[in-house]
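Listed here are the chains, written in short residue letters.
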Protein chains: 2
Amino acid sequence: MSSQPFGSLLEVDLSTGKSRVVEVAPEVIKYFIGGKGLGAYLLFKHLKPGTDPLSPDNMLMFLTGPLTGTPYPTSGRMVVVTKSPLTNLYLDSHAGGHLGSAIRWCGYDGVIVKGKASSPVYLLVSEEGVEVRDASRLWGKTVSETVKEVRREVGEDAHAAVIGPAGENLVRFAAIMIDSDEDTWRAGIAGRGGAGAVMGSKNLKALVVKAKGRKVRCADTEKLREVSRKAMELLSRTKFLKVRTAIGTSFWVEPMNRFGILPTRNFSRGFLKDAVGLYGEYLRAFVKRNASCYNCPVACGKIVEVEGGNVKVEYEDIALLGSNCLIDDVIKVAKSLKVVNELGLDAISTGNVVAFAMELRELGLLKDVPAFGDHEGQVELIRKIAYREGVGDLLAEGVARVAERVGGKAREIAMHVKGMELPGYLPRGSWGMALAYATSDRGGCHQRAWTTRAEIEGPLERFSTEGVAKFVKDTQDERAAAFSLIVCDFIPLYRPWEAVSAVTGLEFSEEDYLRGGERIWNLVRVFNIREAGIGRKDDTLPPRCFNEPLPLPPNGKFSVSLRRETFELMLNEYYALRKWGMDGRPSKEVLEKLELSKFFPEVLNFASGGGSSFSG
Amino acid sequence: MSSQPFGSLLEVDLSTGKSRVVEVAPEVIKYFIGGKGLGAYLLFKHLKPGTDPLSPDNMLMFLTGPLTGTPYPTSGRMVVVTKSPLTNLYLDSHAGGHLGSAIRWCGYDGVIVKGKASSPVYLLVSEEGVEVRDASRLWGKTVSETVKEVRREVGEDAHAAVIGPAGENLVRFAAIMIDSDEDTWRAGIAGRGGAGAVMGSKNLKALVVKAKGRKVRCADTEKLREVSRKAMELLSRTKFLKVRTAIGTSFWVEPMNRFGILPTRNFSRGFLKDAVGLYGEYLRAFVKRNASCYNCPVACGKIVEVEGGNVKVEYEDIALLGSNCLIDDVIKVAKSLKVVNELGLDAISTGNVVAFAMELRELGLLKDVPAFGDHEGQVELIRKIAYREGVGDLLAEGVARVAERVGGKAREIAMHVKGMELPGYLPRGSWGMALAYATSDRGGCHQRAWTTRAEIEGPLERFSTEGVAKFVKDTQDERAAAFSLIVCDFIPLYRPWEAVSAVTGLEFSEEDYLRGGERIWNLVRVFNIREAGIGRKDDTLPPRCFNEPLPLPPNGKFSVSLRRETFELMLNEYYALRKWGMDGRPSKEVLEKLELSKFFPEVLNFASGGGSSFSG
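Residues numbered from 1 in each chain as written. Chains lettered and ligands numbered in written order. Predicted model: local features only at pLDDT ≥ 70, side-chain atom pairs only at ≥ 80, totals over all residues. Heavy atoms only, no water.

### Digging into empty space enclosed by the protein
What counts is decided by this rule: In this analysis the probe radius is 1.4 Å and the grid spacing 1 Å, with only protein atoms considered; a cavity is a set of points the probe fits into but cannot get out of, a pocket is an open set with protein on both sides within 12 Å along at least five of seven lines, and lining residues have an atom within 4 Å of a point. Grid points are joined across faces, edges and corners, and a volume is the space filled by probe spheres set on the points. Numbering of helices and strands runs from the N terminus; a helix is a DSSP stretch of H or I covering at least four residues, while a strand is a stretch of E covering at least two.
Summed over all chains, the structure comprises three cavities of 30 Å³ or more. The space that makes up the largest cavity amounts to roughly 120 Å³. Lining the largest cavity are 14 residues; nearest its centre among them are A:I456, A:E457, B:N257, B:L272 and B:K273. Those elements giving two or more residues to the lining of the largest cavity turn out to be α18 (452-457) of chain A together with α9 (253-259) of chain B.

### Topic: the pairing of strand β3 (residues 60-63) of chain B
All names here are of chain B. Quick reminder of the rule: Remark: exposure states derive from per-residue accessible area (1.4 Å probe, protein chains only) relative to the maximum for the residue type, with buried under 20%, exposed over 50%, and partly exposed in between. DSSP-based pairing: two strands are paired if at least 2 bridges between them are found.
Judged by which residues are buried, β3 turns out to be covered on both faces: L60 and F62 on one side and M61 and L63 on the other are all buried. Pairing between β3 and strand β6 (residues 110-114): four bridges, direction antiparallel. Residue pairing in the sheet places F62 in a bridge with V111 of β6. With three bridges connecting them, β3 and strand β4 (residues 78-83) associate as antiparallel partners. Bridge pairing in β4 links F62 to V80.

### Some points on the relation of the copies chain B and chain A
There are two copies of the chain, and a rotation about an axis plus a shift along that axis relates them. The cut-off we apply is this: The fit set for superposing copies consists of C-alpha atoms from residues with pLDDT of at least 70 in both; the fit itself is least squares. Throughout, a residue-residue contact means that at least one pair of heavy atoms, one from each residue, lies within 4.5 Å.
Of the transformation superimposing chain B on chain A, the axial component is 0.0 Å and the angular component is 180°, with the fit at an RMSD of 0.0 Å. Read as a symmetry element, the transformation amounts to a two-fold axis. It is B:P255 whose C-alpha, among those of chain B, lies nearest the rotation axis, at 3.5 Å. A shared binding surface is used by both copies, with 100% of the interface residues of chain B retained as interface residues in chain A.

### Things to note about the environment of A:A299
Residue and element names in this part refer to chain A. Structurally, A299 is set in the loop between β13 (289-291) and β14 (301-306). Judged by its relative accessible area of 15%, A299 falls in the buried class. Each C-alpha atom, one on A299 and one on I247, is 10.0 Å from the other, the two residues being 52 residues apart in sequence. Excluding residues that lie within four positions of it along the chain, A299 makes contacts with T245, N290, A291 and S292.

### Here's the deal with helix α21 (residues 510-532) of chain A
Rules: Under the convention used throughout, the expected extent of a helix is 1.5 Å for every residue step, that is, one less than its residue count.
In this model, α21(A) (23 residues) spans 33 Å end to end at C-alpha, consistent with the 33 Å of a helix rising 1.5 Å per residue. At the C-terminal side of α21(A), A:G533 shows a positive phi close to 60°.

### Here we look at the packing of helix α11 (residues 315-322) of chain B against helix α13 (residues 347-362) of chain B
All names here are of chain B. Heads up, the rule is: Every axis in this analysis is a line fitted to C-alpha atoms, fitted for helices over the stretch in contact. Angles between the N-to-C directions lie between 0 and 180 degrees. Here the angle decides the label: under 35 degrees means roughly parallel, over 145 means roughly antiparallel, 65 to 115 means roughly perpendicular, and every other value means oblique. Two helices that cross are described as forming a left-handed crossing if the nearer one is turned anticlockwise from the farther one by less than a right angle, and a right-handed crossing if clockwise. Each residue is assigned to one of three groups, with Ala, Val, Leu, Ile, Met, Phe, Trp, Tyr, Cys and Pro labelled nonpolar, Asp, Glu, Lys and Arg labelled charged, and all others, Gly among them, labelled polar.
α13 packs onto α11 with a crossing angle of 15° between their chain directions and a minimal axis gap of 8 Å. On the basis of the axis angle, α11 is roughly parallel to α13. The way α11 lies across α13 gives a crossing that is left-handed. Together, E316, D317, L320 and L321 of α11 and A347, I348, T350, G351 and N352 of α13 make up the contact between the two elements. Broken down by class, the residue content of the contact of α11 with α13 amounts to four nonpolar, three polar and two charged.

### Some words on the sheet that holds strand β6 (residues 110-114) of chain A
Residues and elements named next belong to chain A. Taken in spatial order, the six strands make up an open sheet running β2-β1-β6-β3-β4-β5, and their pairing is mixed. The two strands at the open ends of the sheet, each matched to only one other strand, are β2 (18-23) and β5 (90-95). The mean angle between the axes of side-by-side strands here comes to 20°, regardless of whether they run parallel or antiparallel.

### Observations regarding the domain arrangement of chain A
Residue and element names in this part refer to chain A. For clarity, the threshold we go by: Note that the domain bounds reflect an automated or database-derived domain assignment. Simply put, the buried area is the total loss of 1.4 Å probe accessible area from both parts when two parts are fitted together. What makes a salt bridge here is a side-chain nitrogen of Lys or Arg within 4 Å of a carboxyl oxygen of Asp or Glu, nothing more. Distance and chemistry together define a polar contact, namely a pair of N or O atoms within 3.5 Å, with one atom able to donate a hydrogen and the other to accept it when in protein, and with adjacent residues in sequence counting only for side-chain atoms on both sides.
Partitioning chain A into structural domains gives domain 1 (8-209), domain 2 (247-414) and domain 3 (428-490 + 509-616). Distance from the C-alpha centre of domain 2 to the C-alpha centre of domain 3: 26 Å. Contacts between the two partners involve 24 residues from domain 2 and, on the opposite side, 22 residues from domain 3. Contact between domain 2 and domain 3 buries roughly 1600 Å² in total, counting both sides, with carbon and sulfur atoms accounting for 65%. Taken as a group, W252, F259 and F271 account for 29% of the area that domain 2 buries against domain 3, more than any other trio of residues on that side. Here E359 makes a salt bridge to R544, at a shortest N to O gap of 2.7 Å. The interface formed by domain 2 and domain 3 contains eight residue pairs in polar contact (both at pLDDT 80 or more). Residue assignment for the side of domain 2 that touches domain 3 shows that the elements contributing at least two residues are α9 (253-259) and α13 (347-362). Each residue belonging to the side of domain 2 that touches domain 3 can be placed in one class, and the counts come to 10 nonpolar, six polar and eight charged.

Shown next as structure tokens:
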């Protein structure tokens, strides 16, 4: 058992089978908090520059934050940090469920996996440490089968992160599926960026955690209980959370479609003429029950039963597997999603890849793929991708690599940023998301700064650049801190710094929290510069997003387009606010101000060149 | 028992206590169908021109249509037709529930009440005919108390239409409450236009119906069963109905607020900055169960429990009692609504009157009324209105009469058309509704042509006049026919003319159905001309709706206004499509084409003067 309240990491080298406990220095916790921040620190420090993400040298980290497993609401979340095989950049992929809490209940704050096992294995973590177990007979099994088998072996109370065939076959957008058993299908999913392929490359089928108690180390239990109680109170007064309870994230389908922001036909349009069959309100009529993560009173998960079992349907699933493929019935989406989940793919990337293939077919650039709207074809193609059969072997590489292979027009309609496929908000319909995608630290992602609600409900204005850069920058920094705690995106936070201070026993102020977020954001940027020379040229969007007129609802009579020049103005403002150079690299000044150079003197080597590059 | 399948009306004269059965000629059924159309025919034929609506001479008709109580889906609806004490015009006020079906199961197709009882009575209708019973001890009781007492007396299986204290006290917007018992609170409500006051003026506390069986006369049962089966099939394939099941009408709060159409602060704005507390999706989290009318698989009613019992909350309740009074919590709305229902008021008019009073207070024009947002004050004022206490006695007259009394600025902000208060769609935010309100046959009403969805989802375009007049005219005609069947507003219809033909045994084609709707619309117009000299000057909106800029969501930076000239252009087009003169009176031509002059030669006396008045 560790001597300090937070910072004990269990490190396993699969090549040797050896494990040890690593203690993170309190100063690192104070500056990088946990979760996302701690992962960025460890990856920057320990990963050899230029490491191939699918090589044994890559690190695969299952991390928690100081608040994980505590009474602070929505403390059930965890994060997988690694170098992404999809983007070759830093990746943090967050997941709900109960596994993160269980890791902490065993006395650890994270599990770091290195090396590669010579044959399929799974890890069993408990209070006694870690055991590497043979998983040969699990290899090839679907996600829920694997969870079932594992629980039969180690007990029904075990929590598990597993990969399906997609991860085994190194599909570059394979997911890690958490607690995805057929009964409850609570399904936390570390979906984006291909962490499942990294797991597969290590011959690791599952991380299984079995905790006896539910105790988390804490420096000041009384203080933690008090701040948690107030956080829960704030939460219970927050009306929008009741909408989440009633409808879940799929609530957003209806407004997104009304406003012309719902990705449709591989992002060529923003609405379906009749989208009722995709509404969350329509889905509601089929919902069997709600699902919740550990310690969350919201229970936003909506479980429906389809052929093959239970499945939890979210907004992003509907947008990408549904409207983006011209499939207009959420029950069909649920059926496809069930296959996606069981084979262990990321639904957002999968929906993109399938829609991209459908459009390539129309253009005569790809054969053996279904047409838009062909649901059976979609299901079959998903299967081929997971097993890398036929055309699926190409598509398993993700849209960016497919576009390079196919060439020509394919490059213009490959909907990704830095190799990561775009989620469910059309950038032409939501200019804030245009900037958010272009500057996100892991490629096309909506979770670092989600501007859409602010655009349609205020304080931002649609089709205006005013205030967008500041909104995006501030949100990215604040979320980087929140994703280090770790708590859910969906709730208002009550003085989280006090909770961190209560758990860790460190002095930790609001200033530490916010400054920490900005510090983490900048460290990740430097990592991405180090690994892939990321800069202004990469902070952009696919050609389709610029200049092409976007027809607006209700009938497409009026159009609007996002001019490249307008976008560049937002980007300039963003760099200036970040005190980055116009080349997209952090200035020496900001790296020093954030004390990153104190931890890693070499960061200054990646700073923006010359003093002429920013005006902020 | 009647000899013909549809058209047997039970007529009761409360002055004499005598009753008789009147048979309507088959030709009248073929031309005016039933429900709304039959009511218009009977009122035009039998009501003495210029009758005071609150005098014994007014007729109060509880009518069904050929499809009422049959297997055709949503056949549970009925209509109350009378001359309105709020508008002095024709009134048809529709209600769901089970009472209409029960009337038919007794062998009647409607109950016509004339005269005035010398002391409070209720009517008991059964297969044996009608009994006038003493209701002295029910007078003064609330709605659910009355239903409870009545059922104790005549049996728990009785259905009842009752008035509360508001109807007794002749509040000009008192409702007739149907099957509003505390247990189920299915609450069909004939709300609009003050039919409850007409009932009160007759000393009639309740119409109670007790049917033994569930049989409805029908000429061709096999054919009716077949078309009903197909109608039910169509309905089960209609996805939007599942949204209605899941959320109910309050689904519309969220989009209306997003689009700036939600009446806010006495119609001075179209959105609340934070309206989540009024969303149907938020309400959903408090719903105890769904409620349905007879033979309806949708069950759109959403029952919540508040202090004082159960209440069914609809979109209009939220818009008028909620945002329009600056009350932003749907649970508070539900509490106010419970009082509105128990005292027997129309929620739409009540919300308007209260908001109007709140604004008059701000302007220093009215005392002893609450401020915007004061929920306790709202509840207290509702009570005062129902009992005509203090300022409530003035407000019980409705906004039009209050505006006349107060004068000056009050006239500009009194939100009514032809004396009827406006429902939940801001005309400046929905130009189709501007025309629909102005031309509705019973004053400010949204049910004759609801354009809002077409404006925000297509085929219409917002803030454009293109196609609006035709959409409004066609919808009014079709709805006039549907409200004569009678079926619900909310479902797609499957060949209703075949169902009418099957029930009545008459030849009845699609042409008869559509032509019938237009015929009914024109007859009502002539009635309104006869009673109140209605014409172009009345087909307009309150001054606030014109020219005053309407700030748009999300932050009010942009505004739009509806110019009076723009509105007049739509109105011209509407008159031309109707083949009415530019004075707003039907042409001789159209009255003859619709064969109205065949039934009532005198209609030509009310036709548009001169031949120069329209260009259609």
